[in-house]
Amino acid sequence: VLAALLGLLLALPLPLMLLRGLTGEPIMEWHKGIPPVAKTTAVHYGIYGRWETLAKKATGKASEFQEAFARSFGGRTTLREIHSELVTEGFGVSPVPEVLIGRKKWLFYTVNDSIRGFQGIDPFTSKELDQIRKRLMKRRDDANSHGARYVFVLAPDKQTAYPEKMPDGYRQIGPSRGAQMISYLEKNPGIDSLDLLPSLQSAKTADPEHPLYLQMDTHWSSYGAYIGYRTLAEKLQQQFPTVRPMQPDEFDMTQVSRRYGDLSMMIQRGKQTEIETVPVPHITPSHLPESAAWGYYEKVSKTGKTVSTAYPDGEIGKAIIFHDSFMKKMSPYLTRHFRRAVWHWGEYDPTLVAREKPDIVIEEHIERHLWTWTGRKSK
């Protein structure tokens, strides 16, 4: 009987795989720890469809077939979820090194040595700070040569904005790398920079009931993005006096149940939910699409993905916004200020600036991204 039960258990994955193939049920899991993706070391997660589709694509390549089969092994997702439940709930630790579990189950992203950067361990050297400044100066000069103003915007890492949510033993012993960079730019003028951390800290103190970052995600919440937007709009108002930042009384604070945080999916806890506060404008103009800058991809190039928006009532003529994923929730508010805006998710592209000849170039990056500009190996 035991032998028969063991045989059934071993055979169970096959019907599960076939069933998934018939139903098209997606597989969601963190890539780390499973067979490597062909010739790439990129750390990311993905949603995969039916296993036989992957198997067909890998026909004739044993290693890729093995990868496709391993990712779709029947019951794999359930087993990983059980393992994650045992590790996170039983021991309070993360099953993957890229995610750190903090107090009250807050999750933090550890890539680009961001945790040590927050703690002030192994800070930037003077040479590295000057290296980053020179990079920004070159971009400022390029924007100025085409008649555009240049503004650099720094969004703080989640642990920098919420140090009290970090686990015991991760206290700060010095300034974060982001604080280092901002201080260096202030002492060495030339770059018009905007640090969003002070505004976020003030908002957190004034209204602690509305978290500015998501518990299960590395990104800020919609409310945090609004605070970032308002701070940036006030900065733009100094250069373009007609800009009118949207005020809190122009919004309804709507509570939304959110699933599938990027960090919770990395640790196979994607079914968890959290409540997010979303500021929704009282009036959305009919000619402004709800998706704002994120309804479509206009062009994909080696430097990133580009989309464009048009808003006839904008106070500023043309803008180019170079950014990362943190701009996604800010863009529906910010796009209202530009009659034409080009949003480039990626690094600065001088050919784009030369083609568009904007009035202003905004470059936004998350704090941990500065690490990649020093030439140090990613951790």
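Parameters and conventions
Residues numbered from 1 in each chain as written. Predicted model: local features only at pLDDT ≥ 70, side-chain atom pairs only at ≥ 80, totals over all residues. Heavy atoms only, no water. Patch = residues over 30% accessible without salt bridge, like charges linked within 9 Å, V, L, I, M, F, W, Y side chains within 5 Å. Areas by Shrake-Rupley, 256 points an atom, 1.4 Å probe, with all protein chains shown as cover. Salt bridge = Lys/Arg side-chain N within 4 Å of Asp/Glu carboxyl O. Helix = DSSP H or I, 4+ residues; strand = E, 2+ residues; numbered from the N terminus. Buried < 20%, exposed > 50% of the residue type's maximum accessible area, 1.4 Å probe, protein only. Core = buried A, V, L, I, M, F, W, Y, C linked by side-chain atoms within 4.5 Å. Contact = heavy atoms within 4.5 Å. pLDDT = per-residue confidence, 0-100. Polar contact = N/O pair within 3.5 Å; in protein donor to acceptor, adjacent residues only side chain to side chain. Pairing = 2+ DSSP bridges. Axes fitted to C-alpha atoms, helices over the stretch in contact; angles between N-to-C directions.

Novice: Honestly, a nonpolar patch on the surface in this entry has me stumped. Any pointers?
Specialist: On the surface, Leu-6, Leu-9, Leu-10, Leu-12 and Leu-16 cluster together into a nonpolar patch covering about 490 Å² of accessible area. Looking at which element gives the most residues to the nonpolar patch, the answer is helix 1 (residues 2–11), with three residues. Structurally, Leu-12 is set in the loop between helix 1 and helix 2 (13–23).

Novice: Would you mind going over the pattern of salt bridges with me for this structure?
Specialist: In a structure, side chains of opposite charge can pair up when their charged atoms sit close to one another. Within the structure shown, the criterion is met by 19 salt bridges. Across the salt bridge formed by Asp-113 and Arg-116, the nearest N and O atoms sit 3.1 Å from each other. Residue Arg-116 is classed as partly exposed on the basis of its relative accessible area of 31%. Here Glu-356 ties to Arg-340 by a salt bridge, and the two come within 3.0 Å at their closest N and O atoms. Of the two residues, Glu-356 sits in helix 14 (residues 350–356) while Arg-340 sits in strand 12 (residues 338–346), which places them 16 residues apart along the sequence. Exposure remark for Glu-356: the relative accessible area of 8% places this residue in the buried category.

Novice: Where do I start with the nonpolar core in this structure?
Specialist: For soluble globular proteins, the rule of thumb is that nonpolar side chains tend to be buried together. Of all hydrophobic cores here, the largest spans 46 residues; its most connected members are Tyr-213, Trp-220, Leu-334, Phe-338 and Ile-360. For this core, the secondary structure elements donating two or more residues are helix 6 (114–119), strand 5 (149–155), helix 10 (197–206), helix 11 (222–239), strand 11 (316–323), helix 13 (331–334), strand 12 and strand 13 (360–366). Ranked by the residues each element gives to this core, the list is headed by helix 11, at eight residues. Once residues within four sequence positions are removed from consideration, Tyr-213 is found in contact with Trp-106, Pro-156, Asp-157, Lys-158, Ala-161, Tyr-162, Leu-200, Thr-218, His-219, Trp-220, Ser-221 and Phe-326.

Novice: It is not clear to me how unusual backbone geometry should be interpreted in this structure. Could you clarify?
Specialist: Most of the time, phi is negative for any residue but glycine, and the peptide bond is trans. Although it is not a glycine, Asn-112 sits at a positive phi angle of roughly 55 degrees. Taking the relative accessible area as the measure of exposure, Asn-112 reaches 14% and is therefore buried. The phi angle at Lys-357 is positive, at roughly 50 degrees, despite the residue not being glycine. Assignment of secondary structure puts Lys-357 in the loop between helix 14 and strand 13.

Novice: Help me understand the confidence of the model for the protein chain in this model?
Specialist: Predicted coordinates in areas of low pLDDT are best not read in detail. Averaged over all residues, the pLDDT of the protein chain equals 84, while 81% of them reach at least 70. This model gives residues 22–28 a pLDDT under 50, and the stretch forms 18 contacts once residues within four places in sequence are excluded. Confidence over residues 30–52 falls short of pLDDT 50; this stretch has 54 contacts with residues more than four positions distant or in other chains.

Novice: Quick question: what am I supposed to make of the environment of Tyr-213 here?
Specialist: Here Tyr-213 lies in the loop between helix 10 and helix 11. Separated by 63 residues in sequence, Tyr-213 and Glu-276 place their C-alpha atoms 9.2 Å apart. Reaching out from Tyr-213, the side chain makes a polar contact with the backbone oxygen of Pro-156 at a distance of 2.6 Å.

Novice: Where do I start with the sheet that holds strand 6 (residues 193–195) in this structure?
Specialist: Hydrogen bonds between backbone groups are what pair the strands of a sheet, and the pairing can be parallel or antiparallel. If you walk across this open sheet you meet the seven strands as 6-5-13-11-12-10-9, and the pairing is mixed. Looking at which strands have only one partner, the edges of the open sheet turn out to be strand 6 and strand 9 (299–301). On average, each strand axis in the sheet is tilted by 20 degrees relative to the strand beside it, whichever way the strands run. Where strand 11 lies against strand 13, four bridges are found, and the strand directions are parallel. The partner of Phe-322 across the bridge, within strand 13, is Glu-363.

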